[in-house]
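# Coordinates in review
The primary structure of each chain is shown beneath.
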Amino acid sequence: MRHQEGSLDFHGSRLREATVKMAHLYRRIVRLDVRWSVLLQKVSVFREIIRLIWDRFLACSMGKPVRYRRLSQRSSSPVEELESGFDLENPTTTCNGYQEDSDLVTLKISLLGDCQIGKTSFMIKYVGDEQENGSLEMAGLNLMDKTLSFGGARIAFSIWDVGGDKRSNDQVPLACKDSVAILFMFDLTSRCTLHNVLGWYMQARKWNKTAIPILIGTKFDDFVMLPPDLQWTIVNQARAYAKVMKATLFFSSARHNINVNKIFKYIMARLFNLPWSLQPNLNQGEPIIDLY
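A brief report on the enclosed structure follows. Here the structure is a predicted model, which is why all the values come from computation and not from measurement.

## What to know about the packing of aromatic side chains
Per the counting criterion, the structure on display carries 8 aromatic pairs. Ring geometry for Phe 157 and Phe 264: centres 5.4 Å apart, planes at 75°, overall edge-to-face. Taken together, the residues Phe 157 in strand 5 (residues 153–162) and Phe 264 in helix 10 (residues 260–272) connect sequence positions 107 residues apart. With respect to class, Phe 157 is no different from Phe 264; both count as buried. For the pair Phe 250 and Tyr 266, a centre-to-centre distance of 5.7 Å together with 65° between the ring planes defines the contact as edge-to-face. With Phe 250 in strand 8 (residues 248–251) and Tyr 266 in helix 10, the pair connects residues that are 16 residues apart, well separated along the chain. Side by side, Phe 250 and Tyr 266 carry an identical accessibility label, which is buried.

Spelled out as structure tokens, the structure:
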């Protein structure tokens, strides 16, 4: 009898210990759950703050939020006006900057390539010296815009020039996002800048897989002073790179305004499916145009 009572006391003691341990464990779980809920709330608030700061940064970088959209086929839209009264050879510069206007179609263009290859000179040649004064410079970025009038519609180009140094690599995602065309540029007199184009291309395609790729060789006026055999080698290499990138190839010169305006006309014709005839030019000693 005493043995049974001792056994019951032993089991009762074990049961009470187990109950106390379960109670302690439950309280720990409750405390952890509360702490986890508080942490999640803090993370949510932190993410919201970061999002707001990022949105404000993007808004400030452009001056105003810009809506990028592809053209639709609705009646009385800028597309129909472009298709009916589009004169690629005689555009009119109307203003510098963006306006909140339903007739304004905004297009973002990105420029990528190494340092000192003429990207900024190319951009200034297109937008004009007077628009250069209204440019916006950021760390690793140079932004300019130009608005053109075609009949009753207006096209606003927002051109993002990414600096070619290592510090500018962080700006590639921001510059490429929402771009309708990406211009990959190299110096025709520096073959290493051509070799580096593929690196820029692979970086850009991580963030934008739909933009029209265009390969542009700059400083054509200096290129024609090179020995003919070297010119031919560079032409063949550039055409091979363009084929890999599925890009149209242009040789250009900002100094003499060779193919600068034509490149933007080509972008317009591609985007809006406009009837504009661009003839290829593969003659040695002349500015190459190799259509993809």
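## Concerning helix 9 (residues 228–245)
Taking 1.5 Å of rise per residue, the 18 residues of helix 9 would be expected to cover 26 Å, and the 26 Å separating its terminal C-alpha atoms lies within 8% of that figure. When helix 9 is considered as a whole, its buried residues turn out to be Gln 231, Ile 234, Val 235, Ala 238, Tyr 241, Ala 242 and Met 245. The arc that holds the buried residues of helix 9, viewed along the axis, is 135°, so those residues lie on one side. Opposite the buried face of helix 9, by more than 90 degrees, sit the exposed residues Asp 229, Lys 243 and Val 244.

## Quick word on the environment of Asn 261
Relative to the assigned elements, Asn 261 resides in helix 10. Sequence separation between Asn 261 and Phe 122 is 139 residues; the distance between their C-alpha atoms is 9.9 Å.

## Thoughts on the packing of helix 7 (residues 197–207) against helix 9
Put simply, helix 7 and helix 9 touch, their axes get as near as 11 Å, and they point 15° apart. Relative to helix 9, helix 7 is oriented roughly parallel. Crossing handedness for the pair helix 7 and helix 9: right-handed. Facing helix 7, whose interface residues are Val 197, Leu 198 and Tyr 201, helix 9 presents Tyr 241, Val 244 and Met 245. Along the lines of polarity and charge, the residues of the contact of helix 7 with helix 9 split into 6 nonpolar, no polar and no charged.

## Describing the nonpolar core
Note on soluble globular proteins: their nonpolar side chains tend to be buried together. In this structure, Phe 157 and Leu 183 are the most contacted members of the largest nonpolar core, which totals 37 residues. Tallying contributions element by element places helix 10 first for this core, with 9 residues. Counting residues in each nonpolar core, the second largest holds 32 residues, with Leu 143, Val 162, Ile 182 and Tyr 241 among its members.

## Some remarks on the packing of helix 3 (residues 119–127) against helix 10
Helix-helix packing is described using two parameters, namely the angle between the two axes and the distance between the axes. Running from N to C, helix 3 and helix 10 point in directions that differ by 75°, and their axes come no closer than 9 Å. In terms of axis orientation, helix 3 runs roughly perpendicular to helix 10. Each of Phe 122, Lys 125 and Tyr 126 in helix 3 lies in contact with helix 10, whose residues at this interface are Val 260, Asn 261, Ile 263 and Phe 264. When the residues that make up the contact of helix 3 with helix 10 are grouped by side-chain class, the tally is 5 nonpolar, 1 polar and 1 charged.

## A closer look at the pairing of strand 2 (residues 104–112)
A large share of strand 2 lies buried, amounting to 9 of its 9 residues. Neither face of strand 2 is exposed, since Leu 104, Thr 106, Lys 108, Ser 110 and Leu 112 on one face and Val 105, Leu 107, Ile 109 and Leu 111 on the opposite face are all buried. Examined bridge by bridge, strand 2 and strand 5 share 8 bridges and lie parallel to one another. Across the sheet, the residue bridging to Leu 107 is Phe 157, located in strand 5. The pairing of strand 2 with strand 6 (residues 181–187) spans 4 bridges and is parallel. Counted as the bridge partner of Ser 110 is Ile 182 from strand 6.

## With respect to the side chain of Asn 281
Residue position: Asn 281 is located in the loop between helix 10 and strand 9 (289–290). A distance of 3.2 Å separates a polar side-chain atom of Asn 281 from the backbone nitrogen of Asn 283.

## Focus on the environment of Val 244
By secondary structure assignment, the location of Val 244 is in helix 9. Taking the C-alpha atoms as reference points, Val 244 and Leu 198, separated by 46 residues in sequence, lie 9.0 Å from one another.

## A closer look at the pairing of strand 5
Taking burial as the measure, the 10 residues of strand 5 include 10 buried ones, the bulk of the element. Neither face of strand 5 is exposed, since Ala 153, Ile 155, Phe 157, Ile 159 and Asp 161 on one face and Arg 154, Ala 156, Ser 158, Trp 160 and Val 162 on the opposite face are all buried. The sheet contact formed by strand 4 (residues 141–150) and strand 5 spans 10 bridges and is antiparallel. Its bridge partner being in strand 5, Asp 145 is matched across the sheet by Ser 158.

## Thoughts on the pattern of salt bridges
Considering all chains together, one arrives at 4 salt bridges under this definition. One salt bridge connects Asp 178 with Lys 177, and the closest N-O pair in it is separated by 3.2 Å. When its relative accessible area of 48% is taken as the criterion, Lys 177 is described as partly exposed. A salt bridge links Arg 255 to Asp 221; the shortest N-O distance between them is 2.9 Å. Here the residue Arg 255 occupies a position in the loop between strand 8 and helix 10, and Asp 221 occupies one in helix 8 (residues 220–223), the gap between them amounting to 34 residues. Using a relative accessible area of 60% as the deciding quantity, one classes Arg 255 as exposed. Since its relative accessible area comes to 14%, Asp 221 is described here as buried.

So, how was this worked out
- Residues numbered from 1 in each chain as written.
- Predicted model: local features only at pLDDT ≥ 70, side-chain atom pairs only at ≥ 80, totals over all residues.
- Heavy atoms only, no water.
- Phe/Tyr/Trp six-rings, centres within 6.5 Å; stacked < 30°, edge-to-face > 60°.
- Helix = DSSP H or I, 4+ residues; strand = E, 2+ residues; numbered from the N terminus.
- Buried < 20%, exposed > 50% of the residue type's maximum accessible area, 1.4 Å probe, protein only.
- Expected span 1.5 Å × (residues − 1).
- Arc of directions from axis to C-beta.
- Axes fitted to C-alpha atoms, helices over the stretch in contact; angles between N-to-C directions.
- Parallel < 35°, antiparallel > 145°, perpendicular 65-115°, else oblique.
- Left-handed = near helix turned anticlockwise from the far one by under 90°.
- Contact = heavy atoms within 4.5 Å.
- Nonpolar A, V, L, I, M, F, W, Y, C, P; charged D, E, K, R; others polar.
- Core = buried A, V, L, I, M, F, W, Y, C linked by side-chain atoms within 4.5 Å.
- Pairing = 2+ DSSP bridges.
- Polar contact = N/O pair within 3.5 Å; in protein donor to acceptor, adjacent residues only side chain to side chain.
- Salt bridge = Lys/Arg side-chain N within 4 Å of Asp/Glu carboxyl O.

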